[in-house]
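# Report on the structure
Each chain is listed here by its residues.
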Amino acid sequence: MGRKRFLAAMYLRLSKDDSDVGNVKKGRLKSESNSIGNQRELIRAFIHKQQDMELYDSYVDNGFSGSNFDRPEFKRMINDIETGKVNCVIVKDLSRFGRDYIESGRYIQKIFPALSVRFIAIIDHYDSFQADGLESGIVVPVKNFINDSYCRDISIKVKSQFEVKRKNGECIAPFAPYGYKKADNKSFLVPDEYAADIVRKIFAWKIEGMAILAIAEKLNGLGILSPKEYKKSIGIHYKGGFSGSVKSKWSSTTIKRILTNEIYLGHMVQGKREKINYKLKKSVDKPQEKWIKVENTHEAVISKDQFWIVQNLLKADGRISPVTEENSLFMGILFCGDCGEQMIRRVNYYKDTKKVYYICSTKNRGEGCSRHSILEGQLKRMVEDIIRHYANCFLEEKQIFGKALEMEPNVESIVHYGTEIARLKKEQDKYYSFCSGLDKDLRQGVITKKEFERLYKDFKRKAEELTEAQKKQEVMVQELFKNSVKSAVQLKRMKERPELKEIDRYTLCSMVKRINVYEEQRLEIEFYYINPYCVM
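Here we summarise the structure given alongside this text.

What counts, and where the lines are drawn
- Residues numbered from 1 in each chain as written.
- Predicted model: local features only at pLDDT ≥ 70, side-chain atom pairs only at ≥ 80, totals over all residues.
- Heavy atoms only, no water.
- Axes fitted to C-alpha atoms, helices over the stretch in contact; angles between N-to-C directions.
- Helix = DSSP H or I, 4+ residues; strand = E, 2+ residues; numbered from the N terminus.
- Parallel < 35°, antiparallel > 145°, perpendicular 65-115°, else oblique.
- Left-handed = near helix turned anticlockwise from the far one by under 90°.
- Contact = heavy atoms within 4.5 Å.
- Nonpolar A, V, L, I, M, F, W, Y, C, P; charged D, E, K, R; others polar.
- Phe/Tyr/Trp six-rings, centres within 6.5 Å; stacked < 30°, edge-to-face > 60°.
- Buried < 20%, exposed > 50% of the residue type's maximum accessible area, 1.4 Å probe, protein only.
- Lys NZ or Arg CZ within 6 Å of the ring centre and 35° of its normal.
- Salt bridge = Lys/Arg side-chain N within 4 Å of Asp/Glu carboxyl O.
- Pairing = 2+ DSSP bridges.
- Expected span 1.5 Å × (residues − 1).

What follows deals with the packing of helix α7 (residues 193-208) against helix α8 (residues 212-221). Orientation of α7 relative to α8, taken along the N-to-C sense of each, is 140 degrees, at an axis distance of 10 Å. Put simply, α7 runs oblique to α8. Of the two elements, α7 crosses α8, and the hand of that crossing is right-handed. On α8, the residues touching Ile-198, Ile-202, Trp-205 and Lys-206 of α7 are Ile-212, Ile-215, Lys-218 and Leu-219. Per-class residue counts for the contact of α7 with α8 are six nonpolar, no polar and two charged.

Below you can see the structure in the form of structure tokens.
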């Protein structure tokens, strides 16, 4: 009887995991050793020496990790084995086959023997048709375990390096977010002026009262490329998730991602998702408190005021009236004072008369509450009067804002009046006093030199900590007064425009956080800068 003829599958694999992290020279040599070409030549030479073996096909998974077996060419090879086309698998070494200890062992020790498939790892000198029980039962599992451990260690090192880069504010994503492009060093962002201008328009339209879906439809109608299509148009080989739809059109999901992304404030926010473990590709969302946020890493394209106005409006997304197709001035900030639901706009036509009013959406659905009905014209007049009155009172009765305006060039001169800063300074003086007293105690023999050095070090450290605490308090007070100045300037502009006939949407949204409507046309307005201002 002749010898059995083997139809061999040449399996080749290479991934970025095969370069040693942190050692460029060694990693390069190792990559060259593990290259697809090197593996192929080694296996070809081996098969050429075998008289009972011929090559059936090559299976190449280039760029796939060995931590799992979800690889296209590996699956094709298994299919050829199951259909009887292949009865021998040859790899350069066990790590090329796979680095998962359990799954590698299952294939080599169970599946292949059950299918009468010969398995050869050339460098590891393993041949399943010649191996004894000791080699199959101990040596192969140990080597697979070492390969698995290597994969885990590489994963930990890469994850650690990424964590350091994130904390340094470096962008580790392969592609810049829409509105930005990678700087020359690839680690930081600079604005892409064309895309950044689209981002500014999106924020402006939202503040004007447009719904996020309406913004998406407008961009599509104008023929503006979606983030994915724009990246492709400028030559970026882009794959992945910021396109928002299968057809690469603008969608409400894409718009909302842009409107809620603090990247446009100049802050780098990363680490929102993480892999379950090194063996699985699946990622899960991390809680927001575990995100890594580094502020002021690049140029902002949206102001803080615009961003936080939009965040407030998104809590009650503005709608487009189905009747008039006009953006409502008050949508997103007008609510029923009793049930808290958003007021909805209604338009009635009778003969040549148009009646526009707002009612409680809960009542409109027939789910309770009452109408809280108020005419739009009446609402506009009331809100206009309240804002003017608020601006006058704010400037005339709250003298601190007038002082803040005068002191704006020298805000630092007022921070020392803070009671907390005064307390911290008093505490700091106490520790410096202790330091001075220690010298006297040492001379009089009350304490030893060793005790002097220890106590002096402790008192000095506490005094320095209090210095840092004072600095933080001063920054907080400065920010408070700067915001006061800013709000006073806005209100002063309102006071200087008593002839204002209609309220501008941006002015309204930049000053008013929420308007509550009660029965009998009673309003409660919550401004951004002080407590709610009520009017009967």
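The tally for this structure, following the rule as stated, stands at 22 aromatic pairs. Considering the side-chain rings of Phe-119 and Tyr-126, the 6.3 Å spacing of their centres and the 50 degrees angle between planes classify their relative orientation as tilted. The exposure class of Tyr-126 is buried, given its relative accessible area of 4%. One aromatic cluster is present, built from ring pairs that chain together Tyr-11, Phe-69, Phe-74, Phe-97, Tyr-107, Phe-112, Phe-119 and Tyr-126. Across from the ring centre of Tyr-107, 5.4 Å away, lies the NZ or CZ of Arg-106, which sits over that ring. If you follow Arg-514 out to its NZ or CZ, it ends over the ring of Phe-335, 3.9 Å from the centre.

The final tally for this structure, using the stated rule, is 17 salt bridges. Of the charged contacts in the structure, one is a salt bridge between Glu-73 and Arg-76, with a shortest N-O distance of 3.0 Å. Taken together, the residues Glu-73 and Arg-76, both in helix α3 (residues 72-82) and three residues apart, mark about one turn of the helix. Across the salt bridge formed by Arg-200 and Glu-193, the nearest N and O atoms sit 3.9 Å from each other. Since its relative accessible area comes to 28%, Arg-200 is described here as partly exposed. Beyond isolated ion pairs, a larger network of salt bridges with shared partners links Asp-57, Glu-73 and Arg-76.

Our next topic: the sheet that holds strand β4 (residues 118-121). If you trace the five strands from one edge of the open sheet to the other, you get β2-β1-β3-β4-β5, paired in mixed fashion. One side of each edge strand has no neighbouring strand; the edge strands of this open sheet are β2 (53-62) and β5 (126-127). For strand β3 (residues 88-91) and β4, the ladder comprises four bridges, and the chain directions are parallel. Across the sheet, the residue bridging to Ile-90 is Ile-120, located in β4.

For the rest of this paragraph, the subject is the pairing of strand β13 (residues 343-350). In this sheet, strand β14 (residues 353-360) lies alongside β13 in antiparallel orientation, the contact comprising eight bridges. What sits directly across from Met-343, in β14, is Cys-360. Taking the residues between adjacent antiparallel strands as the criterion, β13 and β14 are bridged by two residues, where Lys-351 takes a positive phi near 60 degrees.

This part covers α7. Its 16 residues give α7 an end-to-end C-alpha distance of 22 Å, which sits within 8% of 22 Å, the value for a rise of 1.5 Å per residue. Of the positions making up α7, those classed as buried are Ala-195, Ala-196, Ile-198, Val-199, Ile-202, Phe-203, Trp-205, Lys-206 and Ile-207.

Our focus in this paragraph is the sheet that holds β13. In spatial order, the strands read β13-β14-β15; together these three strands make up an open sheet with antiparallel pairing. The outermost strands of the open sheet, each flanked by one partner alone, are β13 and β15 (374-375).

Turning our attention to unusual backbone geometry. If you check the backbone angles, Ser-116 has positive phi at about 60 degrees while not being a glycine. Mapped onto the secondary structure, Ser-116 falls in the loop between α5 (101-114) and β4. What makes Ser-116 partly exposed here is its relative accessible area of 42%. Here the phi dihedral of His-372 falls at roughly 55 degrees; this positive angle occurs in a residue that is not glycine. Mapped onto the secondary structure, His-372 falls in the loop between α12 (361-364) and β15.

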